[in-house]
Amino acid sequence: MPDPAGHVPRQAPDHSHDHGHDHDHDHAHRHGDRGGHRHGHGHAHAPASFGAAFAIGAALNIALVLAQLVYGLAAHSMALLADAVHNLGDVLGLLLAWGAVWLGGRVPSSRRTYGWGRSSILAALANSAVLLVSVGAIAVAAIQRLLEPAPIAGGTVMIVAGAGIVINGLTAWLFSAGGTGGASTDLNIRATFLHMAADAAVSAGVVLSAALIGLTGWLWLDPLASLAIVAVITAGTWSVLRQSANLAMDGVPEAIAHGEVQAYLASLPGVLEVHDLHIWALSTTQTALTAHLVRRDPGHDQSLLAEAARHLDQHFHINHATLQTESPELAATCRLRPAELV
């Protein structure tokens, strides 16, 4: 990675490697009297690929979509057809997420030095956009049905939607390691888990509306349930869209407080100033950071930078940190010193 300040070393650097027992690999680069650079790479155990979960979940949801389309048309149920379109989006989302996980496992190359990790961000972004377009179409059809109610085959609707509860619930369980109580911090996996769990609840809502129609004869409950499904999908999808769009634009991941990171770096011994601080996502699981640390005596900073890289990994989950030290004299001429410059 090029020197963020664009400094050219006066002499060939010496390379020292500190290998911590926690599997952090810190590579120190001393550039003459220009200052030190520390690249900290936290290597946690590789996350599960969830390959079997993706395959089973996609196959089950494809079967569910076909059943919902056939029986939704036969039963004249807008709620069932709405759930079918939603589950079709789920299939697309599962396939996109699966493809992104596979691409993320590919090694970096000379053309893609960070690898293909960002594909997971693009997958979440594309999936969110497709779902929002789909629910717009569902909302229009539901409003038309609300104005002109039509009878439905309640028993058929309840059976097919009940199958949706089972399939979506099972798929959510397969991704349970990515839920809020699980170990995964991958936005792709967490979003898939939460989406499948919400789908099971939506299918339960379709069953409930069909049962109420059978008891009351209120046909407007079916399109009303469709609109409720639209609201649930939009609320969940908007959150994923907002987060993935933020990451795609190199925004700071929501789980990381920029101010806290800057305060920590500024509190390091001997640090007078922190500038050119950037935090962005390499993927939905990897976060990078670059910063310039101004120190009165930057000549003996290797252990300081190694500890800083480990702290950033362990406490902020920033596992690809590049820190450069500068003297006050050098910082005064640094073209990246003003915060508004990139």
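Data block above holds the structure.
The written sequence of each chain sets the order in which its residues are numbered from 1. Under the rules for a predicted model, residues below a pLDDT of 70 receive no local features and side-chain atom pairs below 80 are neither given nor counted, while totals for whole chains, interfaces and linings still include all residues. Excluding hydrogens and water, the side-chain figures rest on all heavy atoms present in the structure.

Here we take up the pattern of salt bridges. The salt bridge criterion pairs a side-chain nitrogen of Lys or Arg with a carboxyl oxygen of Asp or Glu, the two atoms within 4 Å. Tallying each qualifying case throughout the model produces three salt bridges. Between Arg242 and Glu254 there is a salt bridge, with its nearest N and O atoms 2.4 Å apart. With Arg242 in helix 6 (residues 221-248) and Glu254 in the loop between helix 6 and helix 7 (258-266), this residue pair connects regions lying twelve residues apart in the sequence. For every residue, the accessible area (1.4 Å probe, protein chains only) is compared with the maximum for its type, and the residue is labelled buried under 20%, exposed over 50%, or partly exposed between those bounds. The class of Arg242 is partly exposed, set by a relative accessible area of 41%. The partly exposed category is assigned to Glu254, whose relative accessible area is 47%. Each helix is a run of H or I in the DSSP string that is no shorter than four residues. Each strand is a run of E no shorter than two, and both are numbered from the N terminus.

Taking burial as the measure, the eleven residues of strand 4 (residues 271-281) include eight buried ones, the bulk of the element. Taken together, the eight bridges between strand 4 and strand 5 (residues 287-295) define a ladder with antiparallel strand orientation. Of the residues in strand 5, the one forming a bridge with Ile279 is Leu289. Strands are labelled as partners when DSSP assigns at least two bridges between them. Where strand 4 folds back on strand 5, the antiparallel hairpin that results is connected by five residues.

It is worth spelling out the environment of Phe316 at this point. Here Phe316 lies in helix 8 (residues 302-316). Phe316 sits in the buried class, given a relative accessible area of 14%. Two residues qualify as a contact provided that any one of their heavy atoms is within 4.5 Å of a heavy atom in the partner residue. In this structure, Phe316 is in contact with Ile256, Glu260, Val261, Tyr264 and His311, ignoring residues within four places of it in sequence.

What follows concerns a nonpolar patch on the surface. On the surface, Leu146, Trp218, Trp220 and Leu224 cluster together into a nonpolar patch covering about 380 Å² of accessible area. With respect to the helices, strands and loops of the structure, Trp220 is situated in the loop between helix 5 (187-216) and helix 6. Given the relative accessible area of 36%, Trp220 is considered partly exposed. A patch consists of residues whose relative accessible area exceeds 30% and which take part in no salt bridge; residues with like charges are grouped when within 9 Å of each other, and nonpolar side chains (Val, Leu, Ile, Met, Phe, Trp, Tyr) when within 5 Å. Each accessible area is a Shrake-Rupley result for a 1.4 Å probe, and residues are judged covered by the shown protein chains and nothing else.

Attention shifts here to helix 7. Every buried residue of helix 7 is accounted for by Val261, Tyr264 and Leu265. With its buried residues spanning 95° around the axis, helix 7 presents them on a single face. On the buried face of helix 7, the contacting elements are strand 4, strand 5, helix 8 and strand 6 (320-326). The directions from the helix axis to the C-beta atoms are what the arc is built from.

Moving on: the nonpolar core. If you look at the biggest cluster of nonpolar residues, it comprises 20 residues, and the most contacted ones within it are Val261, Leu265, Leu268, Leu289, Leu312, Ile318 and Leu323. Going through the elements one at a time, helix 7, strand 4, strand 5, helix 8 and strand 6 are the ones with two or more residues in this core. In terms of residues, this core owes the most to one element, helix 8, which gives five residues. Throughout this description, the term nonpolar core refers to a set of buried Ala, Val, Leu, Ile, Met, Phe, Trp, Tyr and Cys residues connected via side-chain atoms within 4.5 Å. Counting residues in hydrophobic clusters, the runner-up holds 19 residues, among them Leu80, Val202, Ile213 and Leu221.

Here we come to the packing of aromatic side chains. A pair of aromatic rings is counted whenever rings of Phe, Tyr or Trp (Trp by its six-membered ring) have centres within 6.5 Å, and the orientation is called stacked for planes under 30 degrees apart, edge-to-face for over 60 and tilted otherwise. Across all of its chains, the model carries four aromatic pairs by this definition. Seen from their ring centres, Phe54 and Trp98 are 6.1 Å apart, and the 10° between their planes marks the pair as stacked. With Phe54 in helix 1 (residues 51-75) and Trp98 in helix 2 (residues 78-104), this residue pair connects regions lying 44 residues apart in the sequence. Residue classification places Phe54 among the buried positions, given a relative accessible area of 0%. The partly exposed category is assigned to Trp98, whose relative accessible area is 32%.

Remember that the coordinates give geometry; whether it matters functionally is a separate question.
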